[in-house]
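The primary structure of each chain is shown beneath.
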2 protein chains.
Amino acid sequence: MTNRLLSEVIFPGFQNSWLEQNHDGAVLEISEARLAFTADSYVVEPRFFPGGDIGSLAVNGTVNDLAMCGARPKFLSCSFILEEGYAMEELTRVVQSMRAAADRAGVSIVTGDTKVVDRGSGDGLFVNTAGIGVIEHRLKISPQSIQPGDAILLSGDLGRHGITILAEREGLEFESSIESDCAPLWDVVDALLEANIEVRCLRDLTRGGLATVLKEVADDSTFQLRVEEEKIPVSDGVRGACEMLGLDPFFVANEGTMIAIVPGDQVAAALAAMRAIPEAANSVQIGQVEEETNQRVILRSILGTDRVLDRLPGEQLPRIC
Amino acid sequence: MTNRLLSEVIFPGFQNSWLEQNHDGAVLEISEARLAFTADSYVVEPRFFPGGDIGSLAVNGTVNDLAMCGARPKFLSCSFILEEGYAMEELTRVVQSMRAAADRAGVSIVTGDTKVVDRGSGDGLFVNTAGIGVIEHRLKISPQSIQPGDAILLSGDLGRHGITILAEREGLEFESSIESDCAPLWDVVDALLEANIEVRCLRDLTRGGLATVLKEVADDSTFQLRVEEEKIPVSDGVRGACEMLGLDPFFVANEGTMIAIVPGDQVAAALAAMRAIPEAANSVQIGQVEEETNQRVILRSILGTDRVLDRLPGEQLPRIC
């Protein structure tokens with residue numbers, strides 16, 4: 001439904017060159033500075049979960065959208081919509097969590113708004129964060145920049161955020177405890193830029209997971225992407241939970257994991273830079289950009305067979321972020 | 001309740017020098033550019049009303065917060081929270097209204113987000129707009145800049161937005177039709193700046209109306225403000241509705257009306273500049289800043305008696321914007 005709304009109503013209605021960038025944020029030129037600007041609402045249910053809460057998610061999600069534009073996150077807004085009767089103690093916890101996440105990510109929450117709606121017209125708390133970041137390099141970080149031979153690097157294992165939320169919601173318990181990967185990713189991007197990697201494209205693996213993100217990148221480039229299942233880390237806990245819930249970990253959301261597409265001859269330096277950052281200590285190459293111009297994503301399975309990955313089939317999991 | 005949340009939870013939690021500006025938006029220095037940044041959620045009920053709708057309100061409200069910082073509004077984000085089952089036809093109307101309002105105000109909607117919550121967890125549609133504006137002058141537009149002898153100018157008549165919303169909600173009909181004053185105010189500010197007026201302070205008369213805004217300005221300055229009731233325009237329709245509803249027009253919200261505080265010797269030039277803009281054609285001086293440093297707002301009534309104006313007493317009207 002959201003995809004239809006975007007393609008049929010919202011994008012045609014607002015149509016302009018910035019929205020056509022089709023990125024996590026808009027890149028703007030203001031007074032000779034290049035800025036990134038992004039905004040997201042957070043309606044995650046439950047609001048507190050292992051590894052984070054709606055507050056840290058709202059900060060890290062927006063920080064990461066800026067980072068994926070190659071922008072150093074600087075300033076956030078914070079808007080709350082509270083349902084009448086929402087506990088002030090819980091709001092205090094959320095504010096403290098946001099402050100801690102902002103401090104960790106090096107951003108300041110500089111403006112905001114609070115609205116209260118009557119009981120039954122909201123659901124406890126919704127948070128919106130908008131963010132401004134500064135682009136300090138001249139790279140064009142975009143799917144349009146990728147080239148055959150480029151390497152696809154992945155910063156960590158798949159699916160921990162989505163599985164954590166679903167498990168909490170369904171009251172499931174697993175043998176191994178799973179925590180959301182919710183974390184800021186700017187340090188990873190900064191490490192790549194500091195190492196002078198010619199970063200081609202960056203994406204965090206949020207809605208629709210790795211498969212959907214790869215397909216979006218392939219669609220916005222002209223090339224085929226190929227990834228190898230055996231190189232893509234999925235924890236035993238997430239794998240087991242996915243089997244129980246009938247989910248494919250390739251389509252489950254992360255909130256602190258990203259892909260970086262870099263020139264093939266810079267893989268070693270790029271991985272070394274990424275692995276020096278705790279949030280990306282387990283970075284690996286999972287595949288490459290190929291010459292074929294069919295905009296496909298091919299997954300070479302562990303058994304050696306090829307499978308075409310597409311966007312998330314059917315409805316997206318609701319209120320995962 | 002919102003005031004308590006802000007003073008006890010949100011400001012202390014996020015505490016930093018930008019929030020201490022206590023303004024409608026934050027003023028930021030980025031790469032030698034001075035920017036304003038603001039964000040607001042809109043939960044107005046009903047969503048469509050004479051003179052506007054939630055979409056035009058979301059654009060003009062954020063445009064005006066930037067304008068009140070003395071910033072030329074440039075870029076907006078737009079985030080929707082939809083309740084499951086919300087009619088796509090209505091969303092289309094809102095998007096078209098936002099586009100039209102953005103075009104009128106000279107801003108571009110460059111990024112955004114859409115979330116869907118389950119039925120009963122929202123109320124049709126909530127909109128959040130964040131905005132970036134550029135400050136092209138070196139004035140410090142702030143209550144701290146006002147001086148004894150400065151003039152208080154008002155751009156139009158009081159209370160049309162608030163009365164329109166309440167009348168729609170209560171199903172009231174008045175002899176004279178009242179429409180919201182929802183409109184962008186940047187052209188008015190731009191006219192003052194272009195006329196080289198040393199603008200001291202700007203505020204739009206949203207939550208809490210003229211009285212609350214004047215008291216906030218007095219509190220953030222050190223001076224007494226004095227205004228004269230007979231100079232403050234209130235339409236017969238708004239006056240009648242206020243009598244019927246038991247409201248004081250001085251506390252009812254506008255969405256396209258502002259005060260400008262300017263040096264006393266620049267009143268004629270400032271009023272001429274403002275009146276040249278259709279949204280402020282009826283601008284008048286309503287009072288002045290006085291030497292007393294008691295942070296009071298004094299209203300000289302039509303009968304010649306003085307009354308101290310304070311912030312909105314009791315609860316604010318809910319979901320007025």
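Caption draft 1: Layout of the sheet that holds strand β5 (residues 72–83) of chain B. With mixed pairing, five strands are arranged side by side in an open sheet as β1-β2-β7-β5-β6 (chain B). Two strands lie at the open edges of the sheet, namely β1 (26–30) and β6 (108–117) of chain B, each paired on one side alone. Averaged over all pairs of adjacent strands, the angle between their axes in this sheet comes to 20°, without regard to strand direction. Relative to β6(B), β5(B) is paired through nine bridges, and the arrangement is parallel. Bridge pairing in β6(B) places Glu83(B) opposite Val117(B). With respect to the sheet, helix α1 (residues 2–14) of chain A is in contact with β5 and β6 of chain B, its orientation differing from that of β6(B) by roughly 155°.

Caption draft 2: Highlighting the domain arrangement of chain A. Residue and element names in this part refer to chain A. Looking at the assigned domains, one finds that chain A contains domain 1 (2–135) and domain 2 (143–309). Summarising the inter-unit geometry, the C-alpha centres of domain 1 and domain 2 are found 22 Å apart. Contacts between the two partners involve 25 residues from domain 1, matched on the other side by 25 residues from domain 2. For the pair domain 1 and domain 2, the summed buried area comes to about 2100 Å², and 57% of that belongs to carbon and sulfur atoms.

Caption draft 3: Highlighting the sheet that holds strand β1 (residues 26–30) of chain A. Read from one edge of the open sheet, five strands run β1-β2-β7-β5-β6 (chain A), paired in mixed fashion. Both edges of this open sheet fall to β1 and β6 (108–117) of chain A, since each of them pairs with a single strand only. Each strand of the sheet is rotated relative to its neighbour by a mean of 20°, with strand direction disregarded. Relative to strand β7 (residues 125–135) of chain A, strand β5 (residues 72–83) of chain A runs antiparallel, the two sharing eight bridges. Across the sheet, the residue bridging to Ile81(A) is Phe126(A), located in β7(A). In the packing of helix α1 (residues 2–14) of chain B onto the sheet, contacts are made with β5 and β6 of chain A, and the angle to β6(A) comes to roughly 155°.

Caption draft 4: Looking closely at the packing of aromatic side chains. Under the defined criterion, the tally for this structure stands at three aromatic pairs over all chains. Judged by centre distance (6.4 Å) and plane angle (80°), the ring pair of Phe37(A) and Phe37(B) falls under edge-to-face. Residue Phe37(A) is found in strand β2 (residues 33–42), and its partner Phe37(B) is found in strand β2 (residues 33–42); the two belong to separate chains. Given the relative accessible area of 0%, Phe37(B) is considered buried. Ring geometry for Phe75(A) against Trp18(B): centres 5.3 Å apart, planes inclined by 80°, an arrangement best described as edge-to-face.

Caption draft 5: A look at the packing of helix α2 (residues 54–68) of chain B against helix α3 (residues 88–105) of chain B. All names here are of chain B. Remark: α2 packs on α3, axes separated minimally by 7 Å, with the N-to-C direction vectors making an angle of 30°. Taken together, the axes of α2 and α3 lie roughly parallel to each other. Here α2 runs over α3; the crossing is right-handed. Across from Ile54, Gly55, Ser56, Ala58, Val59, Asn60 and Val63 in α2, the residues of α3 making contact are Val94, Ser97, Met98, Ala101, Ala102 and Ala105. Tallied by class, the residues present in the contact of α2 with α3 amount to nine nonpolar, four polar and no charged.

Caption draft 6: Just the interface of chain A and chain B, in detail. Each side of the interface is counted separately: chain A has 65 residues, and chain B has 65 residues. If you sort the residues of chain A by the area they bury against chain B, Phe14(A), Phe37(A) and Met88(A) come out on top, with a joint share of 12%. Joining chain A to chain B, the criterion identifies four salt bridges. As a salt-bridge pair, Lys115(B) and Asp40(A) come within 3.8 Å of each other at their nearest N and O atoms. Between chain A and chain B we count 18 residue pairs in polar contact (both at pLDDT 80 or more) in total. Looking at the side of chain A that touches chain B, the elements with two or more residues in it are α1, β1, β2, β5, α3 (88–105), β6 and β7 of chain A. With ten residues, β6(A) is the single largest residue contributor to the side of chain A that touches chain B.

About the criteria used
- Residues numbered from 1 in each chain as written.
- Chains lettered and ligands numbered in written order.
- Predicted model: local features only at pLDDT ≥ 70, side-chain atom pairs only at ≥ 80, totals over all residues.
- Heavy atoms only, no water.
- Pairing = 2+ DSSP bridges.
- Helix = DSSP H or I, 4+ residues; strand = E, 2+ residues; numbered from the N terminus.
- Axes fitted to C-alpha atoms, helices over the stretch in contact; angles between N-to-C directions.
- Contact = heavy atoms within 4.5 Å.
- Domains from an automatic or database assignment.
- Buried area = accessible area lost by both parts, 1.4 Å probe.
- Phe/Tyr/Trp six-rings, centres within 6.5 Å; stacked < 30°, edge-to-face > 60°.
- Buried < 20%, exposed > 50% of the residue type's maximum accessible area, 1.4 Å probe, protein only.
- Parallel < 35°, antiparallel > 145°, perpendicular 65-115°, else oblique.
- Left-handed = near helix turned anticlockwise from the far one by under 90°.
- Nonpolar A, V, L, I, M, F, W, Y, C, P; charged D, E, K, R; others polar.
- Salt bridge = Lys/Arg side-chain N within 4 Å of Asp/Glu carboxyl O.
- Polar contact = N/O pair within 3.5 Å; in protein donor to acceptor, adjacent residues only side chain to side chain.

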